[in-house]
Amino acid sequence: MTTLTLAAKRRRAALRTLAFLSPWLIGFAVFFAYPLISTVYFSFVHYDGFQPPTWSGTKNWTYVFENYPLFWPALRNTLWLVLVTVSLRVVFGLGVGLLITKIKTGTGVFRTLFYLPYLAPPVAATMAFAFLLNPGTGPVDSLLERVGLPAPGWFSDPAWSKPALTLLALWGIGDLMVLFMAALLDVPHEQYEAAELDGASAWQRFRYVTLPNIAPIVLFAVVTGVIQAMQYYTQPLIAGKVASGVIQGAGTRFEPGYPEQSTLTLPQLVYNLGFQRFDYGAACVVALVLFALSMLFTAVLMRRGGGLNLAGDRP
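Residues numbered from 1 in each chain as written. Predicted model: local features only at pLDDT ≥ 70, side-chain atom pairs only at ≥ 80, totals over all residues. Heavy atoms only, no water.

1. Re the packing of aromatic side chains
The test is simple: By convention, a stacked pair of Phe, Tyr or Trp rings (six-membered ring in the case of Trp) has centres within 6.5 Å and planes under 30 degrees apart, an edge-to-face pair has planes over 60 apart, and any other such pair is tilted. Helix numbering and strand numbering both begin at the N terminus, where a helix is a DSSP run of H or I of at least 4 residues and a strand a DSSP run of E of at least 2. Geometrically, a charge over a ring is one whose NZ (Lys) or CZ (Arg) sits within 6 Å of the ring centre while staying within 35 degrees of the ring normal.
Counted according to the given criterion, the structure contains 21 aromatic pairs. With a centroid separation of 5.1 Å and 15° between ring planes, the pair formed by Trp24 and Phe28 is classed as stacked. Pair noted here: Trp24 and Phe28 are both in helix H1 (residues 2-42), with a separation of 4 residues, about one helical turn. Through successive ring pairs, a cluster of aromatic residues spans Tyr41, Phe42, Tyr47, Tyr233, Tyr271, Phe275 and Tyr280. Against the face of Tyr192 rests Lys102, its NZ or CZ located 5.8 Å from the ring centre. Directly above the ring of Trp80 sits Lys162, whose terminal nitrogen or CZ lies 5.8 Å from the centroid.

Take a look at the structure:
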């Protein structure tokens, strides 16, 4: 009798737990598990959105990896943005946060000035940057020529298009600035005082006091930055359109990646294959590659995140 009572209590506890978890479980099943399983299925079928899907095996995978000429340039550009843009955003955001926390007067003004660009709509911000960096009429190149410096082609030059996108990303650094400022203001002042008494330099105080305390925030910024970079779509597409001078209207189709596929990213391929070419199987293959890369980067960063905690080493 006692055993039956314990089993009944455990079942009731399990059902009660499931009831509390049910909103999350339903959301996970509907918005993550089902779309992921469907994407895997459609990657092995031929489907154009009109006719019923037909099984095609690995033809979509072979086409994307071997015969689709835009896949590898898009993959290289996406990885470049992940490695370069995310790293610079984290370093620049941390530097701005450190600078503003050291300012004695006018902190609110500087904080507002650095945060406002983050609020600008992505399309409007990209169009404004394309105008400022226009190699023919843009004020940036005009200023560079006046001081005797070479004027890059920016969004019209394959060698400068990704650096121009990086400048755009650094301009909207307000989100990371606020995040790092909150973390920096939480670092105990007693640790700085103890380090100064031990004769630690400014770099040593940052290395052995600041960085270990804000390590979780740095990891969070890097992981979320990688995920955002893997989903980078609007800015490179708009920059390419504006720089190319193509006016897209009824009956026209703009091939992304101008100039010379230098602004092409994997999310653009998903849209191009799925909604412009109606090749949903190949689009699902690219989407799964994006998902796998995001999971890989996140797993590596989370596994090595403990390496950011440098508190064990002392000057």
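2. Regarding the nonpolar core
To keep things clear, this is the line we draw: Nonpolar core, defined: a set of buried Ala, Val, Leu, Ile, Met, Phe, Trp, Tyr and Cys residues in which side-chain atoms within 4.5 Å join the residues together. Categorising residues by exposure relies on relative accessible area from a 1.4 Å probe, with only protein chains included: less than 20% of the type maximum marks a residue as buried, more than 50% marks it as exposed, and the intermediate range marks it as partly exposed. The contact criterion used throughout is that any non-hydrogen atoms of two residues lie within 4.5 Å.
Among the nonpolar cores identified, the biggest contains 39 residues, and Phe71, Phe180, Ile214, Leu266, Leu269 and Val286 are the most heavily contacted of them. Taken together, the elements giving at least two residues each to this core come down to helix H3 (71-102), helix H8 (174-185), helix H9 (189-197), helix H10 (202-230), helix H12 (266-276) and helix H13 (280-303). With 9 residues, the top contributor of residues to this core is H10. Setting aside chain neighbours within four positions, we find Leu269 in contact with Tyr68, Leu70, Phe71, Ala74, Leu264, Gly274 and Val286. Ranked by size, the runner-up nonpolar core spans 12 residues in total, among them Ala130, Phe155, Tyr232 and Ala239.

3. A look at helix H7 (residues 161-171)
Extensive coverage of H7 is indicated by the burial of 8 of its 11 residues. Where H7 is concerned, the buried positions are Ser161, Lys162, Ala164, Leu165, Thr166, Leu168, Ala169 and Leu170. Structurally, H7 contributes buried residues whose contacts are with H3, helix H5 (122-132) and helix H11 (234-244).

4. Some words on a nonpolar patch on the surface
The line we're drawing: A patch consists of residues exposed above 30% relative accessible area that lack any salt bridge, with like charges linked at up to 9 Å and nonpolar side chains (Val, Leu, Ile, Met, Phe, Trp, Tyr) linked at up to 5 Å. Residue-level accessible areas treat just the shown protein chains as cover; the underlying method is Shrake-Rupley with a 1.4 Å probe. Salt bridges are identified by distance alone: a Lys or Arg side-chain nitrogen within 4 Å of an Asp or Glu carboxyl oxygen.
Side chains of Leu15, Leu18, Leu21, Trp24, Leu25, Phe28, Phe32, Phe291 and Met295 sit close together on the surface and give an oily, nonpolar patch of about 870 Å² of accessible area. At the level of elements, H1 and H13 are the ones that each hand at least two residues to the nonpolar patch. No other element matches the 7 residues that H1 contributes to the nonpolar patch. With respect to the helices, strands and loops of the structure, Phe32 is situated in helix H1.

5. Focus: the confidence of the model for the chain
The criterion, for reference: The pLDDT value tells you how sure the predictor is about a given residue, anywhere from 0 up to 100.
Summarising the model, the chain shows a mean pLDDT of 88, and 92% of its residues fall at 70 or more. Here residues 310-315 is modelled with pLDDT under 50, and outside its nearest four sequence neighbours on either side it reaches 10 contacts, counting other chains as well.

6. As for the environment of Ser38
Relative to the helices and strands, Ser38 is located in helix H1. Judged by relative accessible area, Ser38 falls into the buried class, the value being 15%. Distance in space between the C-alpha atoms of Ser38 and Met127 is 36 Å, their sequence separation being 89 residues.

7. Considering unusual backbone geometry
With an omega dihedral of 0°, the bond running from Tyr258 to Pro259 counts as a cis peptide bond. Turning to its location among the elements, Pro259 is positioned in the loop between H11 and H12. In this structure, Trp154 takes a positive phi of about 50° despite not being glycine. Secondary-structure assignment places Trp154 in the loop between helix H6 (139-146) and H7.

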